Amino acid sequence: MHYLLIAATILGMHSFHYRDGRLYCEEVDLAKAAEAFGTPLYIYSAGTILDHYQRLDQALAGLDHLICYAVKANSNRAILHLLAEAGAGFDIVSGGELYRVIRAGGDASKCTFAGVGKSREEIEYALEQQVYSFNIESEAELDYINQIAVAKNLRAAIALRVNPDVVAPTHKYIATGQSENKFGVPLDRVATVYERAAKMPNIIIRGIQMHIGSQITEAAPFVAAIETITPLVGKLKSRYPLEFFSIGGGLGIAYESSIASGRADWWAANRSHPLTISDYANAIVPQLEKMGLRILLEPGRLLVGNAGVLLTRVRYIKETGQKKFAIVDAGMNDLIRPALYGSYHEIVPVKESHASTSKIDIVGPVCESGDFFAQERDMPPLQAGDLLAIMSAGAYGFAMASTYNSRPLPAEALVRGDKVALVRERQVLEDLTRGEVDPKWQQRRP
Ligand SMILES: *Cc1c(COP(=O)(O)O)cnc(C)c1O
């Protein structure tokens, strides 16, 4: 058994494990699921998602809190439904996500609406649905939302997203809490913007928010950000009826294993060992308690990242002079994280192997050299037809998939105990051209 899988099972991080030499998700044999639904196939463990949600919920039991799942990490309706049933709220970044939440049975009054570029249509829709809070990212946006609320004779509840200007040690594309990032209102402007908001007839001041980045594996940046913001929160609380403080999301997860890093002591000594939920809670809860506000959290990756894998089948083995490639049926269009962020994903054979390993590149069929899942990876011998599981693909996997190279979107399935169900059909060729129309030229004369 791979160390990752052992360690993950002990830590309760996910429910993927070998049994009698076959990879299972909970009680479901993944080779059988791949046969039933085809590949590439995303498979999610409902048990893992709920387990993560409940651990976080329990770790915060001493606080008045609401976990608002960040929909953008994985927006499949079945997953939203699962979390809505468990009592979650949702952090949304578009009108489309609000629509999905409502379709999944989620409650708009538990939704926070983030994002730097909300459109008129999105604002109108969220006002009609009475979202819990618009998280405002600029003064221009505040003016615009007030204007629309006045026109519709509705009131918009808001929180300012504060940019605390702290360094989050993560990939630069997903660091959001420094002054050079496009997100949030600079600390020194916050008080003035609240003052303006308080005078706007159709604005209700409801909270204050921050989100410093994603895949953060230490508590220190969260603690630093809270420390930075706490005096300001105290001041604002004395002036306005603040109801909540949102600490955002960003908790990192484990993507690596000892096999890949070549260090047997990885779990004992790894400095990038992801923060456990209890470490995170222990670090922040004492400070948050002192705020005396309702606390919102917006985890995305933490809840779903380790709960999903992408199953893919080897199509061809190709050897050139210097290199060996396994060309698989999933591509960067299905899972873009390695190409976009240089991300590492553990890859394991669905049929367990104890054979000695050698280096191989695992690549997709897309016509881009960036279309790889692993380079120079130590893997047991692979053959055409073998099934592989790309681990920790539950967050920012399908959600970022595209049809690039005119490849139909993959299917998604959800496992619950010994049951598995399709939760998104694989696209068919007709889906690819849906919405495309023959040009009906119109002549416009000056
Ligand atoms: C993306 C995002 C999140 C979730 O980030 P994770 O790293 O997936 O937890 C939370 N809040 C906001 C405002 C976001 O943009």
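All residue numbers refer to position in the chain's written sequence, counted from 1. Local features in this predicted model are restricted to residues of pLDDT 70 or higher, and side-chain atom pairs are both shown and tallied only at a pLDDT of 80 or more, whereas totals for entire chains, interfaces and linings draw on every residue. Water and hydrogen atoms play no part in the side-chain values, which are based on all heavy atoms of the structure.

Trainee: What am I meant to see in the domain arrangement of the chain here?
Mentor: How big an interface is tends to be stated in terms of the accessible area lost upon association of its parts. Note: domain ranges come from an automatic or database domain assignment. The assigned domain composition of the chain is domain 1 (6–44 + 306–427) and domain 2 (47–301). Computed over C-alpha atoms only, the centres of domain 1 and domain 2 are separated by 30 Å. Across the contact, 28 residues belong to domain 1 and 28 residues belong to domain 2. A simple way to read buried area is as the amount of 1.4 Å-probe accessible surface that goes missing from two parts once joined, with both sides added. For the domain 1 face of the interface with domain 2, the top three residues by lost area are Tyr 341, Tyr 344 and Tyr 396, together amounting to 24%. We count a salt bridge whenever a side-chain nitrogen from Lys or Arg sits within 4 Å of a carboxyl oxygen from Asp or Glu. Inspection of the region where domain 1 meets domain 2 yields 0 salt bridges. In what follows, a contact means two residues having at least one pair of non-hydrogen atoms within 4.5 Å.

Trainee: Would you mind showing me how to read the sheet that holds strand 3 (residues 28–29) here?
Mentor: Within a beta sheet, neighbouring strands are joined by backbone hydrogen bonds and run either parallel or antiparallel to one another. Here a strand pair is declared whenever DSSP counts at least two bridges between the two strands. The helix and strand labels rest on DSSP assignments: H or I over at least four residues marks a helix, E over at least two residues marks a strand, and numbering proceeds from the N terminus. Strand order in the open sheet formed by 3 strands is 1-2-3, with antiparallel pairing between adjacent strands. Of all the strands in the sheet, the pair left with one neighbour each is strand 1 (16–19) and strand 3. Looking at chain direction, strand 2 (residues 22–25) and strand 3 are connected through 2 bridges and run antiparallel. Bridge pairing links Tyr 24 to Asp 29 in strand 3.

Trainee: Can you help me understand the packing of helix 8 (residues 187–199) against helix 9 (residues 220–239) in this one?
Mentor: For any two helices packed against each other, one specifies the inter-axial angle together with the distance between the axes. The N-to-C vectors of helix 8 and helix 9 enclose an angle of 15 degrees; their axes lie 11 Å apart at closest approach. Considered as vectors, helix 8 and helix 9 are oriented roughly parallel to each other. In the crossing of helix 8 with helix 9, the sense of the turn from one axis to the other is right-handed. Note on element contacts: helix 9 touches helix 8 through Thr 228, Leu 232 and Leu 236, opposite Leu 187, Val 190, Ala 191 and Tyr 194. Looking at the contact of helix 8 with helix 9 residue by residue, the classes come out as 6 nonpolar, 1 polar and no charged. Each axis is a line fitted through C-alpha atoms, and for a helix only the stretch in contact is used; angles between axes span 0 to 180 degrees, taken between their N-to-C directions. Here the word oblique covers every angle except those under 35 degrees (roughly parallel), over 145 (roughly antiparallel) and from 65 to 115 (roughly perpendicular). Here a crossing is called left-handed whenever its near helix is offset anticlockwise from the far helix by less than a right angle, and right-handed whenever the offset is clockwise. Gly counts as polar in this scheme, as do all residues outside two lists: the nonpolar Ala, Val, Leu, Ile, Met, Phe, Trp, Tyr, Cys and Pro, and the charged Asp, Glu, Lys and Arg.

Trainee: Even after reading the chapter, I still don't get the nonpolar core, so can you show me in this structure?
Mentor: In globular proteins that are soluble, nonpolar side chains generally tend to be buried together. Counting residues in hydrophobic clusters, the biggest one holds 106 residues, and the most contacted among them are Tyr 69, Phe 90, Phe 134, Phe 245 and Ile 362. Per-element accounting of this core gives the leading share, 8 residues, to helix 9. Ignoring any residue separated from it by four or fewer positions in sequence, one finds Phe 134 in contact with Phe 113, Lys 118, Ile 123, Ala 126, Leu 127, Ile 145, Ala 156, Ala 157, Ile 158 and Ala 159. In this description, a nonpolar core means a group of buried Ala, Val, Leu, Ile, Met, Phe, Trp, Tyr and Cys residues linked to one another through side-chain atoms lying within 4.5 Å. Any residue under 20% of the maximum accessible area for its type is buried, any over 50% is exposed, and the rest in between are partly exposed; the area is computed with a 1.4 Å probe on protein chains only. Within the second largest apolar cluster, 21 residues are counted, among which are Ala 34, Leu 41, Met 391 and Ala 413.

Trainee: Even after reading the chapter, I still don't get the packing of aromatic side chains, so can you show me in this structure?
Mentor: The geometry of two aromatic rings is summed up by the distance between their centres and the angle between their planes. Whether two aromatic rings pair depends on their centres lying within 6.5 Å, for rings of Phe, Tyr and Trp, where Trp uses its six-membered ring; planes under 30 degrees apart make the pair stacked, over 60 edge-to-face, and the rest tilted. For the structure on display, the rule yields 7 aromatic pairs. Ring plane angle 25 degrees and centroid distance 6.0 Å describe the contact between Tyr 194 and Tyr 240, whose orientation is recorded as stacked. Here Tyr 194 is found in helix 8, whereas its partner Tyr 240 is found in the loop between helix 9 and strand 12 (244–246), with 46 residues between them in sequence. Taken as a pair, Tyr 194 and Tyr 240 share a single burial class, namely buried. The interplanar angle of 80 degrees and the centroid separation of 5.2 Å between the aromatic rings of Phe 222 and Tyr 280 together place this pair among those described as edge-to-face. With Phe 222 in helix 9 and Tyr 280 in helix 12 (residues 277–291), the pair connects residues that are 58 residues apart, well separated along the chain. You can call Tyr 280 buried: its relative accessible area is 1%. What links up through ring pairs into an aromatic cluster is the set Tyr 42, Tyr 44 and Phe 398. We call a charge positioned over a ring when the NZ of a Lys or the CZ of an Arg lies within 6 Å of the ring centre and within 35 degrees of the ring normal. The ring of Tyr 24 has Arg 19 sitting right over it, with the charged end atom 4.5 Å from the ring centre.

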